[in-house]
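Observations on the three-dimensional arrangement
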Amino acid sequence: MKRRLSELLLVVCFGLLIVACTEPEPSSPSAPEPAQALLSGPERWKTIMEDNLHDPAGPGAKQLQNPAEALFYLPSAFSGNLVRWVEAIEEGYIEPRPSILDNNYEMQVLDLDVIRTRTADMPMVLFPHKKHTEWLECGNCHEWLFKSKRGATRFGMFDVLNGEYCGRCHGAVAFPLVECFYCHSVRREDLKTPVTELEMHK
Amino acid sequence: MTPDLHEHHRHPAHRCLAGTMILLASLIMFAPLPAVAEYGDVVINKRAEKAGMRPVIFPHWFHRIRFRCRVCHTEVGFEMRAGSNNILMADIIEGRFCGKCHNNKIAWGPQNCQLCHSGLPGLESGVRGGPSTGGPGKW
């Protein structure tokens, strides 16, 4: 009896799966819609009118710029805004203003890498100050969130996933936490000399 | 003959159940996801709807093309945590928070209510835009 029941369940599930696979999308009857990030044109980005956030019935939504109109022209990625923002600045695609108070202000770019070694079975984390200081100033992270002193800031991946430390930005506005190997990028066997916790080089 | 300790795993009913579970999981995984906001969009609705206005949608992507992070998170003074900034319309009109740029000089002025207050009614405040956006408490 039990076996009959589970076989019946199996058949029902197969049926559902087949229906789910074959039922055409109401908007595009020819083919099922591919994943958003795998598209190549401006259709990669949802429009303001269909993003389930803006009110299409309101007067503002139709006046606003759609993401595709701007982001389509920037170096592309597979997650987040589908844009590699650091490269967009470094390669001159965009030149965001560094200040609204001082026309002569220049970003204080710091070329200093930090390696966090205690990452269990994952590759070690390389934190490049350069990429960060092209967007931010020292005070945005120091000393309130990260202490400058080596080893003084202790946190783990669980904190980051909860939106603390790196997770303040990564997972909210900077590239999302699905990109494990963007940060966990240094394999232990690739380092010529062993490093201790929070070794800095350059 | 040694007794098979895993006998119960091999029972056909169990196998069927396992298959069913896998099928259900794959059904959930491949189910079409609802449309979502752009990554980093922030819904600001602590006060808007109580005051009879649509929620505010702040698009990070639009602003970061034009300004470095430090402009808003240092010069304007926005804390990097959704919900921790108490933004009153009076502040904006007097040139604080959004009003530091939205003053008809750098960007459109606060008389263009509908351009910021453009969200769907009933939205909760917070960062939106994708499976990995959520912040504290998500996990």
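Numbering of residues starts from 1 in each chain and follows the order in which that chain's sequence is written. Key to labels: chains lettered from A, ligands numbered from 1, both in the order written. Local features are withheld for residues below a pLDDT of 70 in this predicted model, meaning they are given only at 70 or higher, and side-chain atom pairs are given and counted only at 80 or more; totals for whole chains, interfaces and linings count all residues.

Here we take up the overall build of chain B. Helix and strand counts for chain B stand at six helices and three strands. Elements are defined by DSSP. Helices are runs of H or I of four residues or more, strands are runs of E of two residues or more, and each kind is numbered from the N terminus. Order of helices (α) and strands (β) in chain B, N terminus to C terminus: α-α-β-β-α-α-α-α-β. In chain B, which comprises 139 residues, the share counted as buried stands at 29%. The contact criterion used here is simple: two residues whose C-beta atoms, placed from the backbone, lie within 7 Å are in contact. The long-range fraction of contacts in chain B, counting pairs at least 24 apart against all pairs at least 6 apart in sequence, stands at 51%. Partly exposed residues are those whose C-beta has more than 12 but fewer than 20 other C-beta atoms within 10 Å; with 20 or more the residue is buried, with 12 or fewer it is exposed, and the C-beta atoms are placed from the backbone.

Before going further, it helps to spend a moment on the overall build of chain A. What chain A contains, in helices and strands, is six helices and four strands. The buried share of chain A, reckoned over its 202 residues, is 20%. The long-range share in chain A, meaning contacts at least 24 apart out of those at least 6 apart in sequence, stands at 43%.

With that settled, consider the sheet that holds strand β2 (residues 56-58) of chain B. All names here are of chain B. In this scheme, strands are said to pair when DSSP sees at least two bridges between them. Overall, antiparallel pairing links the three strands, which are arranged β2-β1-β3 in an open sheet. The open sheet has two free edges, formed respectively by β2 and β3 (126-127), since each of these has just one partner strand. Relative to β2, strand β1 (residues 42-44) runs antiparallel, the two sharing three bridges. When the bridges of β2 are listed, V42 appears paired with F58.

The next thing to look at is unusual backbone geometry. A cis amide bond links H142 of chain A with the next residue in sequence, E143 of chain A, at an omega value of -10°. Mapping E143 of chain A onto the fold places it in the loop between α4 (129-133) and α5 (157-161). One non-glycine residue, N104 of chain B, adopts positive backbone phi at about 70°. If you trace the backbone, N104 of chain B turns up in the loop between α5 (89-93) and α6 (113-116).

Right, let's talk about the nonpolar core for a bit. Working definition: the nonpolar core is a set of buried Ala, Val, Leu, Ile, Met, Phe, Trp, Tyr and Cys residues, joined through C-beta atoms within 7 Å. By size, the foremost hydrophobic cluster in this structure holds 16 residues, and its most contacted members are L53 of chain A together with V43, I44 and V56 of chain B. For this core, the secondary structure elements donating two or more residues are β1 and β2 of chain B. Looking at this core element by element, the count peaks at three residues for β1 of chain B. Ignoring any residue separated from it by four or fewer positions in sequence, one finds V56 of chain B in contact with I44, A48, C116, H117 and G119 of chain B. In this structure, W45, L82, W85 and A88 of chain A belong to the second largest nonpolar core, which totals nine residues.

The next thing to look at is the pairing of strand β2 (residues 124-128) of chain A. In terms of strand pairing, strand β1 (residues 113-116) of chain A meets β2 of chain A through four bridges, oriented antiparallel. Residue R116 of chain A lies in a different strand from β2 of chain A, and its bridge partner there is V125 of chain A.

Our next topic: the environment of R4 of chain A. Residue and element names in this part refer to chain A. Along the chain, the position of R4 falls in helix α1 (residues 2-22). Taking the number of C-beta atoms within 10 Å as the measure of exposure, R4 has 10 and is therefore exposed. Along the sequence, R4 and A172 sit 168 residues apart, while their C-alpha atoms lie 48 Å from each other.

Let us now look at the confidence of the model for chain A. Residues and elements named next belong to chain A. Overall, the prediction assigns chain A a mean pLDDT of 85, with 78% of residues at 70 or greater. Confidence scores per residue from the predictor, reported as pLDDT, run from 0 to 100. Within chain A, the lowest mean pLDDT, 52, falls on strand β4 (residues 200-201), and the highest, 98, falls on helix α3 (residues 85-90). Confidence over residues 23-32 falls short of pLDDT 50; this stretch has four contacts with residues more than four positions distant or in other chains.

To continue, consider the confidence of the model for chain B. Residues and elements named next belong to chain B. Mean pLDDT for chain B: 83, with 73% of residues reaching 70 or above. When mean pLDDT is compared element by element in chain B, helix α4 (residues 69-76) scores highest at 98, while helix α1 (residues 7-10) scores lowest at 51. As a predicted assembly, this complex carries a pTM of 0.78 together with an ipTM value of 0.80.

Residues and elements named next belong to chain A. Within the secondary structure layout, I48 lies in the loop between α1 and α2 (67-71). Judged by C-beta crowding, with 23 C-beta atoms within 10 Å, I48 ranks as buried. With near-sequence residues (within four places) excluded, I48 lies in contact with H54, A61, L64 and N66.

This paragraph deals with α4 of chain B. Residue and element names in this part refer to chain B. When α4 is considered as a whole, its buried residues turn out to be C69, R70, V71 and C72. For α4, the secondary structure elements touched by its buried residues are α3 (60-66). At the C-terminal side of α4, G77 shows a positive phi close to 95°.

The subject of this paragraph is the environment of I93 of chain B. All names here are of chain B. Its place among the elements puts I93 in helix α5. Assessed through the 15 C-beta atoms surrounding it within 10 Å, I93 is described here as partly exposed. I93 sits 10 residues away from N103 along the chain, and the two C-alpha atoms are 7.7 Å apart. Ignoring anything within four residues of it in the chain, the contact list for I93 reads G99 and P110.

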